[in-house]
Amino acid sequence: MSKSLVAICLIIFAIFMVLVATNIFSQFNFSLFVGGGVFLLIAIVLIGIKILKGGA
């Protein structure tokens, strides 16, 4: 289950970063950037938890 959560978080991060890079929603760029960073942080934490549990 954690693999799918990590994948979903990374997909959302990638979508947000593409939206920031294309500047489609220029007034929301900072919010999209921060939101993408939050999903990247969640993915990193989930990967860390998985490694600490010994399921590398």
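The structure we're discussing is the one just above.
Here the structure is a predicted model, which is why all the values come from computation and not from measurement. (Residues numbered from 1 in each chain as written. Predicted model: local features only at pLDDT ≥ 70, side-chain atom pairs only at ≥ 80, totals over all residues. Heavy atoms only, no water.)

A.B. asks: Would you take a moment to explain the overall build of the protein chain for this structure?
C.D. replies: Secondary structure assignment for the protein chain yields two helices and zero strands. The principal-axis extents of the C-alpha atoms in the protein chain amount to approximately 45 × 15 × 15 Å. The contacts of the protein chain with a sequence gap of at least 6 include a subset with a gap of at least 24, amounting to 45%. For the protein chain, the computed accessible surface area is about 4100 Å², with 79% contributed by carbon and sulfur atoms. (Helix = DSSP H or I, 4+ residues; strand = E, 2+ residues; numbered from the N terminus. Contact = heavy atoms within 4.5 Å. Areas by Shrake-Rupley, 256 points an atom, 1.4 Å probe, with all protein chains shown as cover.)

A.B. asks: Whenever I open this one, the packing of aromatic side chains confuses me. Can you help?
C.D. replies: Using the criterion set out here, one finds one aromatic pair in the structure. On the numbers, 6.0 Å between centres and 80° between planes, the contact of Phe16 with Phe39 is edge-to-face. Taken together, the residues Phe16 in helix α1 (residues 2-22) and Phe39 in helix α2 (residues 29-52) connect sequence positions 23 residues apart. Take Phe39: its relative accessible area is 24%, and that puts it in the partly exposed class. (Phe/Tyr/Trp six-rings, centres within 6.5 Å; stacked < 30°, edge-to-face > 60°. Buried < 20%, exposed > 50% of the residue type's maximum accessible area, 1.4 Å probe, protein only.)

A.B. asks: I keep staring at a nonpolar patch on the surface and nothing clicks. Help me out?
C.D. replies: Judged by side-chain polarity, Phe30, Phe33, Val34, Val38 and Ile42 come together as a nonpolar surface patch covering roughly 480 Å² of accessible area. As for its position among the elements, Val38 is in helix α2. (Patch = residues over 30% accessible without salt bridge, like charges linked within 9 Å, V, L, I, M, F, W, Y side chains within 5 Å. Salt bridge = Lys/Arg side-chain N within 4 Å of Asp/Glu carboxyl O.)

A.B. asks: Just to check I follow, could you spell out α2 for this structure?
C.D. replies: An α-helical turn contains 3.6 residues, so any two residues separated by three or four positions project in the same direction. In this model, α2 (24 residues) spans 34 Å end to end at C-alpha, consistent with the 34 Å of a helix rising 1.5 Å per residue. Of the positions making up α2, those classed as buried are Asn29, Leu32, Gly35, Gly36 and Ala43. Just downstream of α2 lies Gly54, where phi reads positive at about 90°. (Expected span 1.5 Å × (residues − 1).)

A.B. asks: Please explain unusual backbone geometry as it appears in this structure.
C.D. replies: Across the chain, the bulk of peptide bonds are trans and the bulk of non-glycine residues have phi less than zero. Positioned with a positive phi, Asn23 is a non-glycine residue whose angle comes to about 60°. Checked against the element boundaries, Asn23 lands in the loop between α1 and α2. Owing to a relative accessible area of 43%, Asn23 belongs among the partly exposed residues under this scheme.

A.B. asks: I tried to follow the side chain of Asn29 on my own but got confused; where do I start?
C.D. replies: Relative to the helices and strands, Asn29 resides in helix α2. Leave out the neighbours within four places in its chain, and Asn29 touches Leu19, Val20 and Asn23.

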